[in-house]
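Structure assessment
The primary structure of each chain is shown beneath.
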Amino acid sequence: MVVQQHRSGGGARAVCALALMGVMAATAGCGGRGGGGDRAMADERGGADSLDAVRGAAAVLAGTSTVTSAGTGTGAVTGRAAPRAGAPSVAGSAEVRTSMETAAGGTRVTIRGRGTYDFRNRTGRLTVVLPKDAAGEDEHRPIVELLAPGALYMMNRGAGVPADKWVRVDTTTLADGNLVTGGVTDPMAAAELLRGAREVEYVGRTVLAGVSVRHYRGTSDIGRAAREASPESRATLAAAAKGFRTRTVPFDAYLDEQGRLRKVRHRFSFANEGPVVEVVSTTLLSGFGVPVSVRLPDDGDIYTGKIEQRQPGDGRTGSGA
């Protein structure tokens, strides 16, 4: 299977520096079942219906897709659909759990996040926990990340940033479009990336956290995803499409009976001077309809000074704006 490759220097330590660029070097520039009929049967076999279901996942989360055939997840995007009386929440917001696992030269590091996300407003708040020594120190305080269209805000950034200040990153300037930079793939970006899906295979049904889901596997083209994405996500995905060496990203996606994305795993691969570095980003969604409150920092709360940056592989530090 083809994997995505990106230029990055350094060895195993560079894995953390890359997957946590926003965390460690922020501004371096870098209803139930029923019916179904022929449509549901076609979805079980895969093919065009599977492709539609996967490509439409972002629209379902944002509440701009009409799910047909009693939740096969194959509805066309026709504008915001009014929910059926008594039906479970199809879209809007969710509780989020993330993991980003990197591996190079036998070294494996996992970064975990947890929080909530509003898919209609493209905003979220997550707490990101670094593994021991991932930031070049024995311990690191959890990092609070605020996600917004075109921006990433971080508290407890470290590296010379005052404890009461936020760091703001323009994600449209990042070479990866913040798909891995912050140690967390923005949940909406993870879903929007599926708009570029191709060669989708229907793997079968399984149960995820007690919920029956359909498992799909395929590859996604970042360039296509950027062209098909919502205006709020288009710029960051377009940056990723230009910055990566190849646009193809393998994925596994799991959709429930309402067509909602419950889990998505993207596999990235970065070309280093040494061994190939693999980055596996997983996003899990649950608790749909949960209240989400995100207040972006005022200008006076944003740090504008220089940030110390650990240079991969040599222990030295530099500075960034």
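Residues numbered from 1 in each chain as written. Predicted model: local features only at pLDDT ≥ 70, side-chain atom pairs only at ≥ 80, totals over all residues. Heavy atoms only, no water.

**Focus on the side chain of D118**
Basically, it comes down to this: Secondary structure elements are defined from DSSP: runs of H or I of at least 4 residues count as helices, runs of E of at least 2 residues count as strands, and each element is numbered from the N terminus. A simple rule labels every residue: compare its accessible area, found with a 1.4 Å probe on the protein chains alone, to the largest value its type can have, and call it buried under 20%, exposed over 50%, or partly exposed in between. For the charge count, each Lys or Arg is scored as positive and each Asp or Glu as negative, with His and the chain ends excluded. Throughout this description, the term salt bridge denotes a Lys or Arg side-chain nitrogen within 4 Å of a carboxyl oxygen of Asp or Glu. Pairs of N or O atoms are called polar contacts if they sit within 3.5 Å, as long as, within protein, a hydrogen donor faces a hydrogen acceptor (for residues adjacent in sequence, only side-chain-to-side-chain pairs). Whether two residues are in contact is decided by their heavy atoms: any pair within 4.5 Å suffices.
Structurally, the position occupied by D118 is in strand β2 (residues 107-118). For the buried residue D118, which engages in no salt bridge, the nearest side chain bearing the opposite charge is R120, 6.1 Å off. There is a polar contact of 2.8 Å between the side chain of D118 and the side chain of N121. Other than its neighbours up to four places away in sequence, D118 contacts G92, S93, T123 and V292.

**A short note on unusual backbone geometry**
One non-glycine residue with positive phi stands out, namely R122, at about 60°. With respect to the helices and strands, R122 occurs in the loop between β2 and β3 (123-129).

**Some details on the environment of L193**
On the secondary structure map, L193 appears in the loop between α6 (187-192) and β7 (197-208). Considered as a pair, L193 and T219 are 26 residues apart in the sequence and their alpha carbons are 9.9 Å apart. Once residues lying within four places of it in the same chain are set aside, the contact partners of L193 are S220, I222, A225, L237, V249 and H266.

**Focus: the nonpolar core**
The cut-off we apply is this: In plain words, nonpolar cores are sets of buried Ala, Val, Leu, Ile, Met, Phe, Trp, Tyr and Cys residues tied together by side-chain atoms within 4.5 Å.
Grouped together as the largest cluster of nonpolar side chains are 54 residues, with contacts concentrated most on L194, L261 and L285. When residues no more than four places from it in sequence are discounted, the contact partners of L194 are V54, R55, A57, S220, F251, A253, L261, V264 and H266. Among the nonpolar cores identified, the runner-up in size contains seven residues, and L146, A151, Y153 and I302 belong to it.

**Focus on helix α4 (residues 48-55)**
In an α-helix, one turn spans 3.6 residues; hence positions three or four apart end up facing the same way. As a reminder, the rule being used: Taken from the helix axis, the directions to the C-beta atoms give the arc we talk about.
Within the sequence span of α4, burial applies to D49, S50, A53 and V54. Buried positions in α4, seen along its axis, are confined to an arc of 130° and lie on one side of it.

**Side note on the packing of aromatic side chains**
To keep things clear, this is the line we draw: Pairing of aromatic side chains requires ring centres within 6.5 Å, counting the rings of Phe and Tyr and the six-membered ring of Trp. Pairs whose planes differ by under 30 degrees are stacked, by over 60 edge-to-face, and all others tilted.
Per the stated rule, a full pass over the model turns up two aromatic pairs. Aromatic side chains Y202 and Y216 sit 5.5 Å apart centroid to centroid with 55° between the ring planes, which places their arrangement in the tilted category. Of the two residues, Y202 is situated in strand β7 and Y216 in strand β8 (residues 211-221); the sequence distance between them amounts to 14 residues.

**A short note on the pairing of β3**
The criterion, for reference: Only strands joined by at least two bridges in the DSSP assignment are considered to pair.
In terms of strand pairing, β2 meets β3 through seven bridges, oriented antiparallel. When the sheet's bridge partners are listed, R112 is paired in β3 with V129. Between the antiparallel neighbours β2 and β3 lie four residues, among them R122 with a positive phi of about 60°. Note that β3 and strand β4 (residues 143-148) share five bridges and pair antiparallel. Bridged to L126 within β4 is E145.

**Describing the pattern of salt bridges**
As enumerated under the stated definition, the model contains twelve salt bridges in all. R214 is the partner of E257 in a salt bridge, and the nearest nitrogen-oxygen pair spans 3.7 Å. Taken together, the positions of E257 in the loop between β9 (248-255) and β10 (261-270) and R214 in strand β8 put the pair 43 residues apart, joining distant regions of the chain. R214 matches E257 in its accessibility class, with the two residues each being buried. For R260, the salt bridge identified is with D256, shortest N-O distance 2.8 Å. D256 carries the same exposure label as R260, and that label is buried. Residues participating in the shared-partner salt-bridge network are R122, E192, R195 and E232.

**Examining the side chain of Q258**
Considering the arrangement of structural elements, one finds Q258 in the loop between β9 and β10. Overall, Q258 belongs to the buried group, its relative accessible area being 11%. Among the polar contacts listed, one links the side chain of Q258 to the side chain of R260, at a separation of 3.0 Å.

Everything listed is a geometric property; what it means functionally is a separate question.
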